[in-house]
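Analysis of the macromolecular model
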Amino acid sequence: MTTATERGPLTRSELLALPAAVDVETAARAFGIGRTTAYALARTDQFPCKVLRAGKAYRVITEDMLRVLQITPENSDGAGPCTSDAA
């Protein structure tokens, strides 16, 4: 079985390419937390972003996850918008 640590965190381009909602394991990779911790946080409504429950499954809204991570198409590291010095 592969763990989030073994697979590594998601890159910025992978995050921006995600569908509208993802499973908790994918969101856990984005936040750099393990699968077990992610599900525990989701069950107790303490996950860092909005989690929806659909039957037995949990889904994380990608837009909310990206907002919490401060990742937008305009920036690469959450530090703010990119600026260009080219004139």
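Residues numbered from 1 in each chain as written. Predicted model: local features only at pLDDT ≥ 70, side-chain atom pairs only at ≥ 80, totals over all residues. Heavy atoms only, no water.

1. A few points about the overall build of the protein
Rules: Secondary structure elements follow DSSP: runs of H or I of four or more residues count as helices, runs of E of two or more count as strands, with numbering from the N terminus. Three labels apply to residues, based on accessible area from a 1.4 Å probe with only protein chains included: buried if under 20% of the type maximum, exposed if over 50%, partly exposed otherwise in between. Note on areas: Shrake-Rupley with a 1.4 Å probe; residue coverage comes only from the protein chains shown.
Across its full length, the protein carries five helices and three strands. Counting every position in the protein, which comprises 87 residues, the buried fraction comes to 28%. Carbon and sulfur atoms provide 51% of the accessible area of the protein, an area that totals close to 5,900 Å².

2. Details of the nonpolar core
The criterion, for reference: As used in this record, nonpolar core signifies buried Ala, Val, Leu, Ile, Met, Phe, Trp, Tyr and Cys residues forming a set joined through side-chain atoms within 4.5 Å. In what follows, residue pairs with any heavy atoms lying within 4.5 Å of each other are defined as contacts.
Counting 16 residues, the largest nonpolar core has Leu-15, Val-24, Ala-27, Phe-47, Val-60 and Met-65 as its most contacted members. Within the residue set of this core, elements represented by two or more residues are helix H3 (24–31), helix H4 (35–43), strand S3 (57–61) and helix H5 (62–69). It is H3 that provides the largest number of residues to this core, a total of four residues. With near-sequence residues (within four places) excluded, Val-24 lies in contact with Ala-38, Tyr-39, Ala-42, Phe-47, Tyr-58 and Val-60.

3. Details of the packing of H3 against H5
The relative placement of two packed helices is expressed as an angle between their axes plus a distance between the axes. Our working definition: With axes taken as lines fitted to C-alpha atoms, and helix axes fitted only over the stretch in contact, angles between N-to-C directions fall between 0 and 180 degrees. Here roughly perpendicular refers to angles of 65 to 115 degrees, roughly parallel to angles under 35, roughly antiparallel to angles over 145, and oblique to all remaining angles. A clockwise turn of the near helix away from the far one marks a right-handed crossing, whereas an anticlockwise turn of less than a right angle marks a left-handed crossing. Each residue gets one of three labels, nonpolar for Ala, Val, Leu, Ile, Met, Phe, Trp, Tyr, Cys and Pro, charged for Asp, Glu, Lys and Arg, and polar for the others, Gly among them.
Close contact between H3 and H5 brings their axes to 11 Å; oriented N to C, the two are set at 15°. Taken together, H3 and H5 sit at an angle that is classed as roughly parallel. Handedness of the H3/H5 crossing: right-handed. Where H3 approaches H5, its residues Ala-27, Ala-30 and Phe-31 are matched on the opposing element by Met-65, Val-68 and Leu-69. Tallied by class, residues from the contact of H3 with H5 come to six nonpolar, no polar and no charged.

4. Section: the pairing of strand S2 (residues 51–54)
A regular strand carries its side chains on alternate faces of the sheet. What counts, and what does not: At least two bridges found by DSSP between two strands are what make those strands a pair.
Alignment of S2 against S3, held across four bridges, turns out to be antiparallel. The residue of S3 that forms the bridge with Ala-54 is Ala-57. Once S2 ends, the chain turns through two residues before running back antiparallel as S3, passing Gly-55 with a positive phi of about 70°.

5. Topic: the confidence of the model for the protein
Quick reminder of the rule: A residue's pLDDT is simply how confident the predictor is in it, with values from 0 to 100.
Taken over all residues, the pLDDT of the protein has a mean of 83, while the share at 70 or more is 77%. Below a pLDDT of 50 lies the segment residues 1–5, which in the model reaches four contacts outside its immediate sequence neighbourhood of four places, other chains included.

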